[in-house]
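The chain contents come next:
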Amino acid sequence: MNAPATGLTGPAEPAAGPRDVVLRARDIRVEYDGERPTRAVRGVSFELRRGEVLGIAGESGCGKSTLAYALTRMLKAPARMTGGSLTFRTREGEELDLLSLDDEELRTFRWTRLSMVFQSAMNALNPVTTIGRQFGDIFRAHRPDMGKDERLSRTRALLEMVGIDAGRTSSYPHELSGGMRQRVVIAMALALEPEVVIMDEPTTALDVVVQREILDEVERLREELGFSVIFITHDLGLLLEISDRLAVMYAGEIIEYAPAEELATRAAHPYTQGLLRSFPDLTGVRRELRGIPGSPPDLRAEPPGCAFADRCEHAFDPCRSSAPRLLDLGRPGGPWTAACHLNDPGHRSAAGAPTTEGRQS
Ligand code: SF4
């Protein structure tokens, strides 16, 4: 997908012009309350540009789904946002501070400006109501000016847009296959022509053939309708294929952010390199697959240094005591940022350590 490049730099200056950015997240922090709170999202910043696909990758438990809920303001106790800002620039040029929207404003915003597609279509659909009725409910709530005939014809058009026979308006969710249900959920998410769609593992529960069909469908619709996508999954191979830019999360932080096409061969962070080694090469070249040993840190205690240090084969002294900053690597096609001391000239030269450039195997 060759949409315009996104700017994302962590707390540093954004690279994108303000008019191109549709969603700006700054220093987002989320905790799960408890005797010892878990810091699930620790200072995530990014910018999503109009019309692009931003992939967010990482192992389960890295905070990517919690981030999705924070972006949509759908966090529920014991999770709560403890810091950060979220700004949305509408296609009309209005800047909305998402954290200050009241419940009614949020309800409107969620369908008309930003919508979500989550993993389980069955949970998103009402099992005892026909598909047509569920579309009708959306239109009745958000487009009260629409008459019955218009609601029905719009529903039929949306179903056809995602490759489902328009006659299915009278079907119940259980009468559809898993792939069809997920298509229905995608059509619902697009019903009010949002500017941003957040997709959290939208095809994980489906077999690979159906997954491919749905991804192709999403790509076609994005080109046709021009919305931006934040696509969240543990499947880095999939993200490399469909994203313009990719943010890799580890232990609640973005540890590398890069153009997707280049990341596959030039990842700068040892964790990203490990992820890339753990799935088959997209080009079909045979190679040894290696998982990343160990497990992520317990986020009930803030790691004193790099959160990846216990699993990193390149760890050196500073990694245990100081947290690496997300730095722009100055690579062509950037911004390309990574949070690793090996890419920080200060630490690297002090330790006599080499850069991670070219280390990926
Ligand atoms: Fe590894 Fe150190 Fe870089 Fe962390 S900062 S990824 S431990 S080399």
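Asker: How would you summarise the overall build of the chain if you had to cite specific residues and measurements?
Answerer: Counting secondary structure elements, the chain contains 12 helices and 12 strands. Burial analysis of the chain (361 residues in total) assigns 53% to the buried set. Considering only intrachain contacts with a sequence separation of at least 6, the fraction spanning at least 24 residues in the chain is 65%. A total of about 16200 Å² of accessible surface is found on the chain, and carbon and sulfur atoms cover 49% of it.

Asker: Would you mind going over the pairing of strand 7 (residues 196-200) in detail, with residue names and values included?
Answerer: Counting buried residues in strand 7 gives five out of five residues, a clear majority hidden from the surface. Burial of strand 7 is two-sided: the residues Val196, Ile198 and Asp200 facing one way and the residues Val197 and Met199 facing the other way are all buried. Pairing of strand 7 with strand 8 (residues 228-233), which is carried by five bridges, proceeds in the parallel orientation. Looking at the pairing, Val196 lines up with Ser228 of strand 8.

Asker: Give me helix 7 (residues 208-225): which residues, what numbers.
Answerer: One turn of an α-helix holds 3.6 residues; hence residues three or four places apart share an orientation. With 18 residues, helix 7 should cover 26 Å at 1.5 Å per step; its first-to-last C-alpha distance of 25 Å lies within 8% of that length. All of the buried residues along helix 7 are Gln211, Ile214, Leu215, Glu217, Val218, Glu219, Leu221 and Arg222. The residue sitting at the N-terminus of helix 7 and contributing the capping side-chain oxygen is Asp207; that oxygen lies 3.0 Å from the backbone nitrogen of Val209. Gly226 occupies a position one or two residues after helix 7 and carries a positive phi of about 80°.

Asker: Kindly report on the nonpolar core, identifying the contributing residues and their values.
Answerer: The biggest cluster of nonpolar side chains holds 66 residues, and the ones touching the most others in it are Phe135, Val184, Phe231 and Leu246. Examining the composition of this core, we find that six residues originate from one element, helix 6 (residues 178-189), more than from any other. Looking at which domains feed residues into this core, each of domain 1 (1-113 + 194-361) and domain 2 (122-193) supplies at least three. Residue contacts for Phe135: discarding those within four places in its chain leaves Thr155, Leu158, Leu159, Val184, Ala187 and Met188. Formed by 37 residues, the second largest nonpolar core is a distinct cluster that contains Val22, Ala25, Met116 and Ile198.

Asker: For the environment of Tyr257, give the residues involved together with the corresponding values.
Answerer: One can find Tyr257 in strand 10 (residues 253-259). As for Tyr257 and Ala268, which are separated by 11 residues in sequence, their C-alpha atoms are 9.5 Å apart.

Asker: Can you lay out unusual backbone geometry for me, pointing to particular residues and giving the numbers?
Answerer: With an omega dihedral of 15°, the bond running from Ala77 to Pro78 counts as a cis peptide bond. Position of Pro78 relative to the elements: it lies in the loop between helix 1 (64-71) and strand 4 (79-89). Even without glycine at this site, Glu193 takes up a positive phi of about 55°. With respect to the helices and strands, the residue Glu193 is situated in the loop between helix 6 and strand 7.

Asker: Would you mind going over the site of the ligand in detail, with residue names and values included?
Answerer: Taken together, 13 residues are adjacent to the ligand, and Cys306, Cys312, Cys319, Cys340 and His341 come closest. In the shell around the ligand, the residues fall into 10 nonpolar, three polar and no charged.

Asker: I'd love a proper account of the sheet that holds strand 2 (residues 38-49), names of residues and values included.
Answerer: With respect to topology, four strands assemble into an open sheet ordered 2-1-4-5, the strand pairing being antiparallel. Sheet topology places strand 2 and strand 5 (95-97) at the edges, where each strand pairs with a single neighbour. Each strand of the sheet is rotated relative to its neighbour by a mean of 5°, with strand direction disregarded. With three bridges joining them, strand 4 and strand 5 adopt antiparallel strand pairing. Along strand 5, the bridge assignment pairs Phe88 with Leu96.

Asker: Can you tell me about the confidence of the model for the chain, naming the residues and giving the values?
Answerer: Summary statistics for the chain give a mean pLDDT of 88 and a share of 88% for residues scoring 70 or more. Note that pLDDT drops below 50 for residues 1-14; the model gives that stretch 48 contacts with residues more than four away or on any other chain.

Asker: Can you tell me about the packing of helix 6 against helix 7, naming the residues and giving the values?
Answerer: Between helix 6 and helix 7, whose axes approach to 10 Å, the crossing angle comes to 20°. Relative to helix 7, the element helix 6 is oriented roughly parallel. Like other packed secondary-structure pairs, helix 6 and helix 7 cross with a definite hand, here right-handed. Residues Gly179, Gln182, Arg183 and Ile186 of helix 6 lie in contact with helix 7, whose contacting residues are Val210, Glu213, Ile214, Glu217, Val218 and Leu221. Residues of the contact of helix 6 with helix 7, tallied by class, amount to five nonpolar, two polar and three charged.

Criteria and cut-off values
Residues numbered from 1 in each chain as written. Predicted model: local features only at pLDDT ≥ 70, side-chain atom pairs only at ≥ 80, totals over all residues. Heavy atoms only, no water. Helix = DSSP H or I, 4+ residues; strand = E, 2+ residues; numbered from the N terminus. Buried < 20%, exposed > 50% of the residue type's maximum accessible area, 1.4 Å probe, protein only. Contact = heavy atoms within 4.5 Å. Areas by Shrake-Rupley, 256 points an atom, 1.4 Å probe, with all protein chains shown as cover. Pairing = 2+ DSSP bridges. Expected span 1.5 Å × (residues − 1). Polar contact = N/O pair within 3.5 Å; in protein donor to acceptor, adjacent residues only side chain to side chain. Core = buried A, V, L, I, M, F, W, Y, C linked by side-chain atoms within 4.5 Å. Domains from an automatic or database assignment. Near = heavy atom within 4 Å. Nonpolar A, V, L, I, M, F, W, Y, C, P; charged D, E, K, R; others polar. Axes fitted to C-alpha atoms, helices over the stretch in contact; angles between N-to-C directions. pLDDT = per-residue confidence, 0-100. Parallel < 35°, antiparallel > 145°, perpendicular 65-115°, else oblique. Left-handed = near helix turned anticlockwise from the far one by under 90°.

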